[in-house]
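Structural overview for review
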Amino acid sequence: MRILVTNDDGIFAPGLLTLATVAAEFGEVVVVAPDRERSCCGHAMTMREPLRVTEVDYPVGRAFAVNGLPVDCVNVGLTVPYPDGCDLVLSGVNNGPNLGYDTTYSGTVAGAMEGAINGIRSIAFSMAGLRHGEPIRYEISGNWLREHWSWLTTLPITNETFINVNVPNEATGPVGFRLVPMGQRVYEERVEVREDPWGRPYYWQGGVYVLDRKQPGTDFEAIGDGFVSITPMTLDWTDHRVLAKLAERVNSLT
Ligand code: MN
């Protein structure tokens, strides 16, 4: 099995090494990752600048650093080390959660999305349930993936599906999992207004107030209960339920 491993935290991120190390137990691994942290870039790609690719020493497999984003890395991976394609794209393990609507900002999830666009089975991994100041325990992800590798990498999915996995940062024993839909993450006071030394306002958005609404049966609840959340995502953004209703409405008008 030929496996491409990428992330958005950069090629020296510990979570990437965790993922590559476990993957190497099951197949041939090539790491292609951004040369620095590029978190929160979503599904962006580099089009106005050249991509530079540098092979680097890495503890596992071959590895390439790219001056680009996760999407760029997947496409470089399918051009340089794997011109004939590969069997699996893994993205992560991200240094924070990718739950609910946050998945739309995620470079980690975008790496898996780009794998799916290229027709390759793809899975994103993130560490969730982090508490401020506590170390991120990537080994929980690694151990969980090792244990569940065989079915997780052979799930019956369509070629538009990719898988989003979040792993809780707290575990004392074996970690259970739930197959769940994504919930809705709502931010309050998303943009913080500050002032620079010259009295000019500037704005900082990001990790501010999160409304954790009770959302039974979602990825949030799974993580909150200490379970791994597994969410199948689709490239098809069409809202098929609304599409059918719209068609009904339009037909009734004409
Ligand atoms: Mn990240």
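Now for a description of the structure that goes with this document. (Residues numbered from 1 in each chain as written. Predicted model: local features only at pLDDT ≥ 70, side-chain atom pairs only at ≥ 80, totals over all residues. Heavy atoms only, no water.)

What to know about the side chain of D219
Condition: Starting at the N terminus, helices and strands are each numbered in turn, a helix being any DSSP run of H or I of at least four residues and a strand any DSSP run of E of at least two. Partly exposed describes any residue whose relative accessible area lies between the buried limit of under 20% and the exposed limit of over 50%, with all areas from a 1.4 Å probe on protein chains only and scaled to the type maximum. We define a polar contact as two N or O atoms separated by no more than 3.5 Å, with the added condition that, inside protein, one atom must be a possible hydrogen donor and the other a possible acceptor, whereas residues neighbouring each other in sequence contribute only through side-chain atom pairs. Between two residues, a contact is recorded if the distance between any of their heavy atoms is within 4.5 Å.
Mapping D219 onto the fold places it in helix α5 (residues 219–224). According to the relative accessible area criterion, D219 is buried, its value standing at 1%. Engagement of the side chain of D219 in a polar contact is seen with the backbone nitrogen of G183, the distance being 2.8 Å. If sequence neighbours within four positions are ignored, D219 has contacts with L99, G100, V180, P181, M182, G183, S229 and T231.

Re the packing of helix α2 (residues 70–77) against helix α3 (residues 107–117)
Where we set the bar: Throughout, an axis means a line fitted to C-alpha atoms (over the contacting stretch in the case of helices), and angles, computed between N-to-C directions, take values from 0 to 180 degrees. By convention, the crossing between two helices is left-handed when the near helix turns anticlockwise from the far helix through less than a right angle, and right-handed when the turn is clockwise. Ten residues, namely Ala, Val, Leu, Ile, Met, Phe, Trp, Tyr, Cys and Pro, are considered nonpolar, four, namely Asp, Glu, Lys and Arg, are considered charged, and the remaining ones, Gly among them, are considered polar.
Two numbers describe how α2 lies on α3: the axes approach to 8 Å, and their chain directions differ by 35°. Between α2 and α3 the crossing geometry is right-handed. Along the contact surface, α2 presents P70, V71, V74 and N75, while α3 presents G107, A110, G111, E114 and G115. Each residue belonging to the contact of α2 with α3 can be placed in one class, and the counts come to four nonpolar, four polar and one charged.

What about the packing of aromatic side chains?
By convention here, two paired aromatic rings are described through the distance between centres and the angle between planes. The test is simple: Each aromatic pair joins two rings of Phe, Tyr and Trp (for Trp, the six-membered one) with centres within 6.5 Å, and gets the label stacked for planes under 30 degrees apart, edge-to-face for over 60, and tilted for any other angle. Any Lys NZ or Arg CZ that is within 6 Å of a ring centre and within 35 degrees of that ring's normal is treated as a charge sitting over the ring.
This structure, assessed with the given rule, holds four aromatic pairs. Between the aromatic rings of F26 and W149, the centroid separation amounts to 4.4 Å while the plane-to-plane angle is 5°, which identifies the pairing as stacked. Here the residue F26 occupies a position in the loop between α1 (14–24) and β2 (28–34), and W149 occupies one in helix α4 (residues 138–152), the gap between them amounting to 123 residues. Judged by relative accessible area, which is 4%, W149 ranks as buried. Relative to F177, the ring of W144 has its centre 6.1 Å away and its plane inclined at 75°; by these criteria the two rings are edge-to-face. You can see W144 sitting in helix α4 and its partner F177 sitting in strand β8 (residues 177–179), a full 33 residues away along the chain. Members of the aromatic cluster, joined through ring pairs, are W144, W151 and F177. The ring of F227 has R178 lying over it, and the distance from NZ or CZ to the ring centre is 4.0 Å.

Re unusual backbone geometry
Note that the residue after G92, namely V93, is joined by a cis bond; omega there is -5°. Structurally, V93 is set in strand β5 (residues 88–94). Positive phi values are uncommon outside glycine, yet C40 reaches one of about 70°. C40 gets classed as exposed once you look at its relative accessible area, which sits at 57%.

Examining a nonpolar patch on the surface
Put simply, the rule is: Residues qualify for a patch when their relative accessible area is over 30% and they have no salt bridge, like charges being joined within 9 Å and the nonpolar side chains of Val, Leu, Ile, Met, Phe, Trp and Tyr within 5 Å. Note on areas: Shrake-Rupley, 1.4 Å probe, and residue coverage restricted to the protein chains presented here. In what follows, salt bridge is the name for a side-chain nitrogen of Lys or Arg lying within 4 Å of a carboxyl oxygen of Asp or Glu.
On the surface, V191, V193, Y202, Y203 and W204 cluster together into a nonpolar patch covering about 540 Å² of accessible area. Sorting the residues of the nonpolar patch by element identifies β10 (191–195) and β11 (201–205) as the ones contributing at least two each. Of the residues forming the nonpolar patch, the biggest block, three residues, is contributed by β11. Examined against the element boundaries, W204 turns out to sit in strand β11.

Section: the environment of F64
With respect to the secondary-structure elements, F64 resides in strand β4 (residues 62–66). As a C-alpha pair, F64 and D35 span 29 residues in sequence and 8.6 Å in three-dimensional space. Look past the residues within four positions of F64 in its chain and what remains in contact with it is I11, V30, V31, V32, A33, V53, T54, E55, V56, V80 and P81.

Comments concerning the nonpolar core
Generally speaking, soluble globular proteins have nonpolar side chains that are buried together. Quick reminder of the rule: For our purposes a nonpolar core is just a set of buried Ala, Val, Leu, Ile, Met, Phe, Trp, Tyr and Cys residues, chained together by side-chain atoms within 4.5 Å.
Formed by 35 residues in total, the largest nonpolar core has its most connected members in V5, V31, L90, F125 and V165. In terms of residue count, the dominant contributor to this core is α4 (six residues). Every residue in contact with V5, bar those within four places of it in the chain, is listed here: L16, L19, A20, A23, V29, V30, V31, V32 and L90. Within the second largest apolar cluster, 13 residues are counted, among which are L4, V30, V32 and F64.

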